[in-house]
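Listed below are the residues making up each chain.
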Amino acid sequence: MRYPVEETAAKHERIVKEASRLFRERGFENVSVGEVMKAAGLTHGAFYAHFGSKEELQAAAVAYGQKVSLDRLQRGKNKKAKGSYAERYLSAWHRDNPGDGCTMAALASEVARSTPELKAAFEQGLEDILSAKGGDRNEAIFQTAAMMGGVLLARAVQDPRLSGEILGSVRQKLG
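In short, a report on the structure. What you see is a predicted model; the values in this text were computed from it and never measured.

### Comments concerning the overall build of the chain
Stage number 1. When helices and strands are tallied, the chain shows 9 helices and 0 strands.
Stage number 2. Listing every helix and strand of the chain by position from the N terminus yields α-α-α-α-α-α-α-α-α.
Stage number 3. Against the compact-globule benchmark of 16 Å for 175 residues, the chain has a radius of gyration of 17 Å, which places it among compact chains.
Stage number 4. Each principal axis of the C-alpha distribution contributes one length, and for the chain these read about 55 × 35 × 30 Å.
Stage number 5. Within the chain, the proportion of its 175 residues that are buried is 39%.
Stage number 6. Contacts spanning at least 24 positions in sequence make up 64% of the contacts within the chain whose residues lie at least 6 apart.
Stage number 7. Total accessible area on the chain stands at roughly 10,100 Å², and carbon and sulfur atoms take up 53% of it.
Stage number 8. Charge-centre separation for the chain: the mean point of 26 positive side chains lies 5 Å from the mean point of 22 negative side chains.

### Structural notes on the pattern of salt bridges
Stage number 1. Under the counting rule described, the total for this entry stands at 7 salt bridges.
Stage number 2. As a salt-bridge pair, Asp71 and Lys67 come within 3.2 Å of each other at their nearest N and O atoms. Here Asp71 pairs with Lys67, and both are found in helix α3 (residues 54-78), just 4 residues apart, close to one helical turn.
Stage number 3. The class for Lys67 is partly exposed, based on a relative accessible area of 48%.

### Here's the deal with helix α1 (residues 5-26)
Stage number 1. With 22 residues, α1 extends 31 Å from end C-alpha to end C-alpha; this agrees with the ideal 32 Å at 1.5 Å per step.
Stage number 2. All of the buried residues in α1 are Lys11, Ile15, Val16, Glu18, Ala19, Ser20, Leu22, Phe23 and Arg24.
Stage number 3. Backbone geometry just after α1 places Gly27 at a positive phi near 90 degrees.

### Describing the nonpolar core
Stage number 1. In this structure, Ile15, Phe23, Leu57 and Tyr89 are the most contacted members of the largest nonpolar core, which totals 43 residues.
Stage number 2. Taken together, the elements giving at least two residues each to this core come down to α1, α2 (33-39), α3, α4 (85-89), α6 (103-112), α7 (116-133), α8 (137-156) and α9 (160-174).
Stage number 3. Leaving out residues up to four positions away in the same chain, Ile15 has contacts with Val36, Met37, Ala40, Leu42, His50, Phe51 and Leu57.

### Things to note about the packing of aromatic side chains
Stage number 1. The full count for this structure, using the stated rule, is 4 aromatic pairs.
Stage number 2. Here Phe47 and Tyr48 contribute two aromatic rings whose centre-to-centre distance is 4.8 Å and whose plane-to-plane angle is 90 degrees, an arrangement assigned as edge-to-face.
Stage number 3. Accessibility expressed as a relative area gives 0% for Phe47, which makes it buried.
Stage number 4. Note on Tyr48: relative accessible area 55%, which makes it exposed.
Stage number 5. Every member of this aromatic cluster is reached through a ring pair, and the members are Phe47, Tyr48 and Phe51.

### Points about the environment of Ser53
Stage number 1. Relative to the helices and strands, Ser53 is located in the loop between α2 and α3.
Stage number 2. In this structure the side chain of Ser53 is engaged in a polar contact, spanning 3.1 Å, whose partner is the backbone nitrogen of Glu56.

### So, the packing of α7 against α8
Axis angle and axis distance: for two packed helices, these are the angle between their axes and the distance between the axes, and together they describe the pair.
Stage number 1. Closest axis-to-axis distance for the α7/α8 pair is 9 Å, and the angle between their directions is 120 degrees. Classified by the interaxial angle, the pair formed by α7 and α8 is oblique. Our pair here, α7 against α8, has a crossing hand that is right-handed. For the pair α7 and α8, the contacting residues are Leu126, Glu127, Leu130 and Lys133 in the first and Arg137, Ala140, Ile141, Gln143, Thr144 and Met147 in the second.
Stage number 2. Classifying every residue of the contact of α7 with α8 by side-chain character gives 5 nonpolar, 2 polar and 3 charged.

What counts and what doesn't
Residues numbered from 1 in each chain as written. Predicted model: local features only at pLDDT ≥ 70, side-chain atom pairs only at ≥ 80, totals over all residues. Heavy atoms only, no water. Helix = DSSP H or I, 4+ residues; strand = E, 2+ residues; numbered from the N terminus. Rg over C-alpha atoms; globule rule 2.2 N^0.38 Å. Buried < 20%, exposed > 50% of the residue type's maximum accessible area, 1.4 Å probe, protein only. Contact = heavy atoms within 4.5 Å. Areas by Shrake-Rupley, 256 points an atom, 1.4 Å probe, with all protein chains shown as cover. Lys, Arg positive; Asp, Glu negative; His and termini not counted. Charge placed at Lys NZ, Arg CZ, Asp CG, Glu CD. Salt bridge = Lys/Arg side-chain N within 4 Å of Asp/Glu carboxyl O. Expected span 1.5 Å × (residues − 1). Core = buried A, V, L, I, M, F, W, Y, C linked by side-chain atoms within 4.5 Å. Phe/Tyr/Trp six-rings, centres within 6.5 Å; stacked < 30°, edge-to-face > 60°. Polar contact = N/O pair within 3.5 Å; in protein donor to acceptor, adjacent residues only side chain to side chain. Axes fitted to C-alpha atoms, helices over the stretch in contact; angles between N-to-C directions. Parallel < 35°, antiparallel > 145°, perpendicular 65-115°, else oblique. Left-handed = near helix turned anticlockwise from the far one by under 90°. Nonpolar A, V, L, I, M, F, W, Y, C, P; charged D, E, K, R; others polar.

Shown next as structure tokens:
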């Protein structure tokens, strides 16, 4: 049975959105295709109508997550958002909610050990984010790396005080 193009596109987007969230929460290896499809409200069998492999889904999920981060950055620049982008990024909420947070902070270490296709999706998203920051490219790279590193370290330690200290220190240095 053929589905209308709009319905198929909506299902595809749901799969990618849920995969992006689950991968950010638990990593690529700790999420099965079946879990992604269930979260998207679809059967496991429908997966191959949308993707040729889990690796293809990973690249689509990374690209989607990078676009979400880009949209957040642009909204923060275009509105009078409460607090700065760096303050929101380097927050306890972001640290504690990787599934709703930045794809780069959640998956960079896994992407570093992955396929060229996945690295390309990640890299394109990073380039888009650096361009959106505007100004001096070296400064944009530094700020992005500092914020990501701060969140990574804050997530990696057990001591809540040290975790908060890491976030606060990076926030302070970035101004």
